[in-house]
Amino acid sequence: MKMVFQGKSPHELAKQLVDKKQNGNKDIKKLIEHADDGLELAGWNPGEGRTLPPVTHEEFKKAWITWLKSGAYAPKK
């Protein structure tokens, strides 16, 4: 099953993440809360044969919140 972010450019992904029509109707507050939901946390408990992300969950969460609160910059196309 293809993940919704696969094949997206950085610009497309950034726009998709903050677009309520594509992100489950989440505003900035809900996007911040999403960093701690079970689906997101599962990435740091990947199971046998899978690797951990290259950053800790706390590092990810800090960068995520910083990105959201500073305007959710979308790199040029």
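The rules behind the values
- Residues numbered from 1 in each chain as written.
- Predicted model: local features only at pLDDT ≥ 70, side-chain atom pairs only at ≥ 80, totals over all residues.
- Heavy atoms only, no water.
- Core = buried A, V, L, I, M, F, W, Y, C linked by side-chain atoms within 4.5 Å.
- Buried < 20%, exposed > 50% of the residue type's maximum accessible area, 1.4 Å probe, protein only.
- Helix = DSSP H or I, 4+ residues; strand = E, 2+ residues; numbered from the N terminus.
- Salt bridge = Lys/Arg side-chain N within 4 Å of Asp/Glu carboxyl O.
- Patch = residues over 30% accessible without salt bridge, like charges linked within 9 Å, V, L, I, M, F, W, Y side chains within 5 Å.
- Areas by Shrake-Rupley, 256 points an atom, 1.4 Å probe, with all protein chains shown as cover.

**Q** How should the nonpolar core be read in this particular structure?
**A** Proteins that are soluble and globular tend to have nonpolar side chains buried together. Judged by nonpolar contacts, Ala14, Leu31, Ile32, Ala35, Trp64, Trp67, Leu68, Ala72 and Ala74 together constitute the single largest core of nine residues. Elements that contribute at least two residues to this core include exactly α2 (28-34) and α4 (57-69). When residues in this core are grouped by element, the largest group, three residues, is from α4.

**Q** Any chance you could explain the pattern of salt bridges here in plain terms?
**A** Pairs can form between side chains of opposite charge whenever their charged atoms are close. Per the stated rule, a full pass over the model turns up one salt bridge. Between Lys61 and Asp36 there is a salt bridge, and its shortest N-O distance comes to 2.6 Å. Taken together, the residues Lys61 in helix α4 and Asp36 in the loop between α2 and α3 (38-41) connect sequence positions 25 residues apart. Overall, Asp36 belongs to the partly exposed group, its relative accessible area being 36%.

**Q** What is the right way to look at unusual backbone geometry in this model?
**A** Across the chain, the bulk of peptide bonds are trans and the bulk of non-glycine residues have phi less than zero. Notably, Asn25 is not glycine yet its phi reads approximately 65°, a positive angle. Considering the arrangement of structural elements, one finds Asn25 in the loop between α1 (10-18) and α2. Positioned with a positive phi, Ala72 is a non-glycine residue whose angle comes to about 50°. Mapped onto the elements, Ala72 comes out in the segment after α4. Ala72 gets classed as buried once you look at its relative accessible area, which sits at 13%.

**Q** Mind showing me how you'd approach a nonpolar patch on the surface here?
**A** Taken together, the side chains of Met3, Val4 and Phe5 present a nonpolar region at the surface, about 320 Å² in accessible area. For Val4, the location among the structural elements is in the segment before α1. What makes Val4 exposed here is its relative accessible area of 63%.

So yeah, pure geometry; function would need other evidence.
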